[in-house]
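Analysis of the macromolecular model
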Amino acid sequence: MASSKPSPVDPELVISHKFPETSFSYTERDTALYALGIGACAGDAMDEKELKYVYHRDGQRFIQVLPTFGALFPFQKKKGTLDDVPGMQFDQRLLLHGQQYMEIYRPFPSSGCILNKVAIAGLHDKGKATIIEIETTSYIKESGEALCMNRSTIYLRGAGGFSKSSPPYSYTTYPANQVSRVSVPKYKPSMVYEDCTHQSQALLYRLSGDYNPLHSDPVIAQVAGFTRPILHGLCTLGFAVRAIIKSFCNGEPTAVKSIFGRFLLHVYPGETLVTEMWLEGPRVIYQTKVKERNRVVLSGYVLLKHIPSSL
């Protein structure tokens, strides 16, 4: 007898969904708080390559903005983003942020009003899970100039198996070669950068807008299977990209063209992050490990606009 259990996903309903445009504003305080949240100046409050992210050094009119600040844009006013998509049934507790891809079109202003346009970029049946890719293009609202594009890959565990055909359902709107596969080299890294997170790192980073209690509430964290609250994946990504900017870009954040990160394992606040980097042409391949557990927690690449002449 055939099961009458409804399919967790109706792909036609999902991919035809139109998200409303949203807008939000941020200030220099927000950009400085974000920089502190991903460890800028944590080891040295006079760091000559990072003080510019939090202070108007040498008379500069505006503080500079780290490129991963744009990774926050899709999550502004995020309530209901996936909940409002028709044709999807999933358990929020089984949602995982698996990957983040970001293209940067121009340097971010230290404050501004942003307009977000959101679309479904991919939907894939993986049997025991569904992968949905949400693409957010962010514009300066006043001028209409594009700032960046983020593509967030979300794993919905327990929501797969909706395909009515073989091979399983797979939908993508972007070119297959847009995101390169990451293969970590076997030879010695070009650079290694070590950074200590603080016990309060997640509590500080959450002030940039991600208030998921998994990162702050010990009880919620234990229910989810962790011994204590864990660090946000995008915070770890910020640490890694900041290490690349210091190591290969002479501290110049505008050298970054695109970013890709795959979240592999959790980080506990207070652990030490060791980012290993390999320079291959204009691309820096990286992997970030937790020193205390010797586990890789993040891998990916950063594409640079140019290679500094000093390298």
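Residues numbered from 1 in each chain as written. Predicted model: local features only at pLDDT ≥ 70, side-chain atom pairs only at ≥ 80, totals over all residues. Heavy atoms only, no water.

Considering the UniProt feature "domain: MaoC-like" (unreviewed entry) in the protein chain
Worth spelling out the cut-off: UniProt positions are given in the numbering used here, feature names are shortened, and annotations may be inferred rather than shown by experiment. Segments assigned H or I by DSSP are reported as helices when at least four residues long, segments assigned E as strands when at least two residues long, and all are numbered from the N terminus.
UniProt records the feature "domain: MaoC-like" (unreviewed entry) at residues 185-296, using the numbering of this structure. End C-alpha to end C-alpha, residues 185-296 measures 14 Å, and it is 24% helix and 29% strand.

Observations concerning the nonpolar core
The nonpolar side chains of a soluble globular protein tend to be buried, and buried together. Keep this limit in mind: Residues grouped as a nonpolar core are buried Ala, Val, Leu, Ile, Met, Phe, Trp, Tyr and Cys residues, joined through side-chain atoms within 4.5 Å. Here the term buried applies to any residue with accessible area under 20% of the maximum for its type, exposed to any over 50%, and partly exposed to those in between, with areas from a 1.4 Å probe on protein chains only. Contacts: residue pairs with any heavy atoms within 4.5 Å of one another.
The biggest cluster of nonpolar side chains holds 49 residues, and the ones touching the most others in it are F73, F108, L237, I259, Y286 and V302. If you tally residues by element for this core, the top one is helix α5 (residues 233-248), at 10 residues. Once you skip the residues sitting within four places of it in the chain, L237 turns out to touch T68, Q100, I259, G261, F263, Y286 and L298. Core analysis: the second largest hydrophobic core is formed by 15 residues, V85, I120, I134 and A159 among them.

So, the packing of aromatic side chains
The line we're drawing: Planes of paired rings set the category: under 30 degrees apart is stacked, over 60 is edge-to-face and the rest tilted, where pairs are Phe, Tyr or Trp rings (Trp by its six-membered ring) whose centres lie within 6.5 Å. Think of it as a cone above the ring: NZ of Lys or CZ of Arg counts as a charge over the ring if it is within 6 Å of the ring centre and within 35 degrees of the ring normal.
All chains considered together, the criterion is met by nine aromatic pairs. Note on Y26 and F69: the rings are 4.9 Å apart at their centroids and 70° apart in plane angle, and the pair reads as edge-to-face. One end of the pair, Y26, is in strand β1 (residues 22-26); the other, F69, is in the loop between α2 (28-37) and β2 (95-104), with 43 residues separating them in the sequence. In terms of burial, Y26 and F69 fall into one category: buried. Through a chain of ring-to-ring contacts, the aromatic side chains of F24, Y26, Y34, F69, F73, F108 and Y205 assemble into a single cluster. When the ring centre of Y268 is taken as origin, the NZ or CZ atom of R228, which lies over that ring, is 4.3 Å away. Taking the ring centre of Y301 as reference, the NZ or CZ of R283 above it sits at 5.0 Å.

Notes on the pairing of strand β10 (residues 283-290)
Just so we agree on the cut-off: Whether two strands pair depends on DSSP finding at least two bridges between them.
Burial within β10 is extensive, with seven of its eight residues counted as buried. Relative to β10, strand β9 (residues 272-280) is paired through eight bridges, and the arrangement is antiparallel. Considered in β10, the bridge of M277 is made with Y286. Taking the residues between adjacent antiparallel strands as the criterion, β9 and β10 are bridged by two residues, where G281 takes a positive phi near 65°.

Observations concerning α2
Taken together, the buried positions of α2 are occupied by T31, A32, L33, Y34, A35 and G37. For α2, the secondary structure elements touched by its buried residues are β1, α3 (201-205) and α5.

Regarding the pairing of β2
Summarising burial for β2: seven of the 10 residues are buried, a large majority. Where β2 meets strand β5 (residues 146-157), nine bridges bridge the pair, whose relative direction is antiparallel. Bridging from a neighbouring strand, I104 pairs with C148 of β5. Pairing geometry for β2 and strand β8 (residues 256-263), over five bridges, is antiparallel. Across the sheet, the residue bridging to M102 is I259, located in β8.

Notes on the environment of T136
Turning to its location among the elements, T136 is positioned in strand β4 (residues 129-140). When its relative accessible area of 1% is taken as the criterion, T136 is described as buried. C-alpha of T136 to C-alpha of R151: the two residues are 15 residues apart in sequence and 6.4 Å apart in space. Leaving out residues up to four positions away in the same chain, T136 has contacts with P74, N116, K117, V118, C148, M149 and N150.

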